[in-house]
Amino acid sequence: MMKEEFKIFLRSGFISTRALNRDVGCVWYLERRAVRDSPHKFMHLFRNVNKQWITFQHFTFLKRMYVTQLNRSLNQQVKPKPEPVASPFLEKTSSGQAKAEIYEMKPFSPSSLSLSRKPNKEEVIELESASIIEASIDVGKEVKDEKQWKEMKLHVDDLPGILARLSKIKLTALVVSTTAAGFALAPGPFDWFCFLLTSVGTGLASCAANSINQFFEVPFDSNMNRTKNRPLVRGQISPLLAVSFATCCAVPGVALLTWGVNPLTGALGVLNIFLYTCCYTPLKRISIANTWVGAVVGAIPPVMGWTAATGSLDAGAFLLGGILYSWQFPHFNALSWGLREDYSRGGYCMMSVTHPALCRRVALRHCLALIGLCTAAPLLDVTTWTFPAISLPINLYISYLGVRFYADADRKSSRKLFFCSLWHLPLLLLLMLTCKQPPGGESDKGDPQM
């Protein structure tokens, strides 16, 4: 439509043109006599370009002006521009190149044509586009400056929170709670002072192990979305401070467990730190056996609570350790299933990444094992026979979710199993405490005594 109107415009005698050179291309010569009878507005437009060569861009601009004046409905409405966002191209473009591009646009802007009339909306758009480009370049420079490395200063007020994240305070709280459950379930009188020393010593040992674990995994944690905001990865504290904090936790923690409680509990604390930092941490990048080693690490704290109360390793201690050992497989396997991309990006060798079928099978197997371990608790004089009965519903429910996870193999089923494991363990330990075998509880077994 625009081309046809422009041809009519040329035929009407407003502009007379002729081709000067076929090799040069589409170059036009504007004669002064052609616009003698033109409207007054076009006389002003061509007054300063008499006997000058005009490029194809100039001619296209004139054509757009004519069509716009001919048909007012084609006027472009100037819309409010949003705040300019720096594009990747503008970030990479040097300031010299950007200035050159803006300079090249100036001959086509209305400011270069000394017109006595007001600029139309087409010209306003040209001016606004040039200003937007300049603003985009400035924003691009600011964004580029923000992306540069900046030194992070450590403030004393932020130190407690940073050290809490370095020591994985939530995981440490879980470890201390399972230790307390083992201490409470052990036979014999409850010693509050020994219980306090055991809890503090175990918490300090856990903080030390978690801090050393983060120290070793800094280059790998930076590749994972789940761990990229850890203090050492972000540079909030120095590695020296992290190691110093781990040492200050490990030494008094082991000392409290050894001399404040008993040497057996202290030895178990040292063993747990060694397994977590020197076995589990490097195995995460070597073999899927790290999951089984990590389960052993999680099973030791309730055993430490039992040994702190009794001073010996009894069958009840191994039962509590077995329950924690089996619980960790549905818990961690379901968690790692939703983080397969993260673990793969970080270079960790996890069952969910390398052996997905085994991951689901092991989770289901240990869900069913929890039923058998709870049934064995009254046989080992840890609880009464009420415990297997009242714990059966929650064990059946987590087993059902394990079956769904094994069959569906999707994120939805893994998420349900993971969240179930979060409340399953505290509730199971609480039921064990309520059904604890009282002293001299032989009357619960067999026939009632006369």
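Shown above is the structure to which this text applies.
Residues numbered from 1 in each chain as written. Predicted model: local features only at pLDDT ≥ 70, side-chain atom pairs only at ≥ 80, totals over all residues. Heavy atoms only, no water.

1. Let's talk about the overall build of the chain
Secondary structure summary: the chain contains 20 helices and 2 strands in total. Buried positions account for 41% of the 450 residues belonging to the chain. Taking as baseline every contact in the chain between residues at least 6 positions apart, the subset at least 24 positions apart corresponds to 72%. Accessible surface, the chain as shown: approximately 25,100 Å² in total, 62% of it carbon and sulfur. (Helix = DSSP H or I, 4+ residues; strand = E, 2+ residues; numbered from the N terminus. Buried < 20%, exposed > 50% of the residue type's maximum accessible area, 1.4 Å probe, protein only. Contact = heavy atoms within 4.5 Å. Areas by Shrake-Rupley, 256 points an atom, 1.4 Å probe, with all protein chains shown as cover.)

2. So, the packing of helix α19 (residues 386–408) against helix α20 (residues 411–434)
In a pair of packed helices, the angle between the axes and the distance between the axes together describe the arrangement. Remark: α19 packs on α20, axes separated minimally by 10 Å, with the N-to-C direction vectors making an angle of 165°. Relative to α20, the element α19 is oriented roughly antiparallel. Note on packing geometry: the crossing formed by α19 with α20 is left-handed. Two secondary-structure elements touch here, α19 through F387, I390, S391, I394, N395, Y397, I398, L401, G402, R404, F405 and D408 and α20 through S413, S414, K416, L417, C420, S421, W423, H424, L427, L428, L431 and M432. (Axes fitted to C-alpha atoms, helices over the stretch in contact; angles between N-to-C directions. Parallel < 35°, antiparallel > 145°, perpendicular 65-115°, else oblique. Left-handed = near helix turned anticlockwise from the far one by under 90°.)

3. Description of a nonpolar patch on the surface
Together, Y397, Y400, W423, L427, L430 and L433 make up an exposed nonpolar region whose accessible area comes to about 570 Å². Elements that contribute at least two residues to the nonpolar patch include exactly α19 and α20. Here the nonpolar patch gets 4 residues from one element, more than from any other, and that element is α20. (Patch = residues over 30% accessible without salt bridge, like charges linked within 9 Å, V, L, I, M, F, W, Y side chains within 5 Å. Salt bridge = Lys/Arg side-chain N within 4 Å of Asp/Glu carboxyl O.)

4. Quick look at the packing of aromatic side chains
Applying the stated criterion across every chain yields a total of 15 aromatic pairs. Taken together, a centroid distance of 4.7 Å and an interplanar angle of 70° make the contact between F190 and W192 edge-to-face. Ring centres 6.1 Å apart and planes at 80° place the aromatic pair Y343 and Y348 in the edge-to-face group. The pair formed by Y343 and Y348 is uniform in burial state, with each residue classed as buried. Grouping aromatic residues by their ring pairs yields a cluster made of F183, F190, W192 and F195. The lysine or arginine in question, K284, covers the ring of Y348, its NZ or CZ lying 4.7 Å from the ring centre. (Phe/Tyr/Trp six-rings, centres within 6.5 Å; stacked < 30°, edge-to-face > 60°. Lys NZ or Arg CZ within 6 Å of the ring centre and 35° of its normal.)

5. Some remarks on the environment of Y325
One can find Y325 in helix α15 (residues 315–337). Sequence separation of Y325 and G298 is 27 residues, and the distance between their C-alpha atoms is 6.6 Å. Apart from the residues within four sequence positions on either side, Y325 is in contact with W292, A295, V296, A299 and H366.

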